[in-house]
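Report on the structure
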Amino acid sequence: MNCPKCALCGGEAAPYSSAPHYFGCENCGFVFLDRTKVVSRPDEKERYLKHTNGQGEAGYAKMLEEFIKICVTPFTHAPGPALDYGSGPKPVLAGILEKRGYKVDIYDPFFAPATNFDPEKYGIVTAVEVIEHMKCPLSDIRIIADILKPGGIFAGRTMFLAKEDFALWWYRFDITHISFYSRESLSYIALETGMKAILFKEPCFFVMKKNG
Ligand SMILES: [Zn+2]
């Protein structure tokens, strides 16, 4: 079988679980959908427009509050310039952070695509349920690292690879979820982008801090 190279580190990958077209990397622990099988851009956008986050608006806001409590507040001493990366069709998190005094910019490849980022501008970049959609996570997160101030925080949420059978794992059934991370893969990303992983909280929270 001709396996694609790891879509995170470029290492050797092998078929992962009994789910067809998924591959896992022994070098960095990353699991990914074969990039020739990912959904088209128009279909991807359509899916985001229909996405209700599964929990209703109140449940979604509660999830965001939990994210802020675990990943944002403990690591930012005072509100400052922030970017919500992958803000989606409705920038709910940006609104909540602004109420708390942050000055929030948004970026989304479909809904807020301007990329005139200033280097080293932000004290914090957030990415809630975003990196599992990234086709090229290392280059995307390198951009995030570049726009963080030295010592700035990259705070995110994505479901970590679980011990249960990947073929049956609910998280992979969203057709736009194409990249799956272990702690090892996130630590690899931090190392490669000049950051350090400073928090992992099961099942889904992580924080990286830019060096300097
Ligand atoms: Zn890899």
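The present account deals with the structure reproduced in this document.

Reading guide: rules and limits
In every chain, residue numbers begin from 1 and rise along the written sequence. Residue-level local features of this predicted model are given only where pLDDT is at least 70; pairs of side-chain atoms are given and counted only at 80 or more, and the full residue set underlies all totals for whole chains, interfaces and linings. Side-chain measures were taken over the full set of non-hydrogen atoms in the model, leaving aside hydrogen atoms and water. Helical segments are the DSSP runs of H or I of at least four residues, strand segments are the runs of E of at least two, and each set is numbered from the N terminus. Burial classes: relative accessible area under 20% of the type maximum marks a residue as buried, over 50% as exposed, and values in between as partly exposed (1.4 Å probe, protein chains only). The axes are straight lines fitted to the C-alpha atoms, using for helices just the contacting stretch, and the angles between their N-to-C directions are given from 0 to 180°. Angle categories are assigned with fixed cut-offs, so that under 35 degrees is roughly parallel, over 145 is roughly antiparallel, 65 to 115 is roughly perpendicular, and the rest are oblique. A clockwise turn of the near helix away from the far one marks a right-handed crossing, whereas an anticlockwise turn of less than a right angle marks a left-handed crossing. Residue contacts are defined here by distance: any two heavy atoms, one from each residue, within 4.5 Å place the two residues in contact. Asp, Glu, Lys and Arg are counted as charged, while Ala, Val, Leu, Ile, Met, Phe, Trp, Tyr, Cys and Pro are counted as nonpolar; the rest, among them Gly, fall into the polar class. Here the rule is simple: two strands pair whenever DSSP picks up at least two bridges between them.

1. Focus: unusual backbone geometry
Cis geometry marks the peptide bond from Glu-202 to Pro-203, where omega comes out at 5 degrees. In this structure, Pro-203 sits in the loop between strand S9 (195-201) and strand S10 (205-210). Positive phi outside glycine occurs at Ser-17, with the angle close to 65 degrees. In this structure, Ser-17 sits in the loop between strand S1 (13-15) and strand S2 (22-25). Overall, Ser-17 belongs to the partly exposed group, its relative accessible area being 36%.

2. Some thoughts on the packing of helix H4 (residues 137-147) against helix H5 (residues 183-192)
Close contact between H4 and H5 brings their axes to 10 Å; oriented N to C, the two are set at 50 degrees. Viewed along their axes, H4 and H5 adopt a mutual orientation that is oblique. In this structure, the crossing between H4 and H5 has a hand that is right-handed. Between H4 and H5, the residues in contact are Leu-138, Ile-141 and Arg-142 and Tyr-188, Ile-189 and Glu-192, respectively.

3. Considerations on the packing of helix H2 (residues 56-72) against helix H3 (residues 92-99)
Their axes nearest at 10 Å, the elements H2 and H3 cross at an angle of 55 degrees. Comparing the axis directions of H2 and H3 gives the class oblique. H3 is crossed by H2, and the crossing has right-handed handedness. Residues Tyr-60, Leu-64, Glu-65, Phe-67, Ile-68 and Val-72 of H2 form the contact with H3, whose participating residues are Val-92, Leu-93, Ile-96 and Leu-97. Broken down by class, the residue content of the contact of H2 with H3 amounts to 9 nonpolar, no polar and 1 charged.

4. Structural notes on the sheet that holds strand S6 (residues 122-128)
With mixed pairing, the 6 strands of this open sheet are ordered in space as S5-S4-S6-S7-S10-S9. Each edge of the open sheet is held by one strand with a lone partner, namely strand S5 (103-107) and S9. The sheet shows a mean angle of 20 degrees between the axes of neighbouring strands, direction not considered. Relative to strand S7 (residues 148-157), S6 runs parallel, the two sharing 6 bridges. Bridge pairing in S7 places Thr-126 opposite Ala-155. Along the sheet, H3 makes contact with strand S4 (81-85), S5 and S6, crossing S5 at roughly 170 degrees. Against the sheet, H4 engages S4, S6, S7, S9 and S10, with an angle of about 135 degrees to S7.

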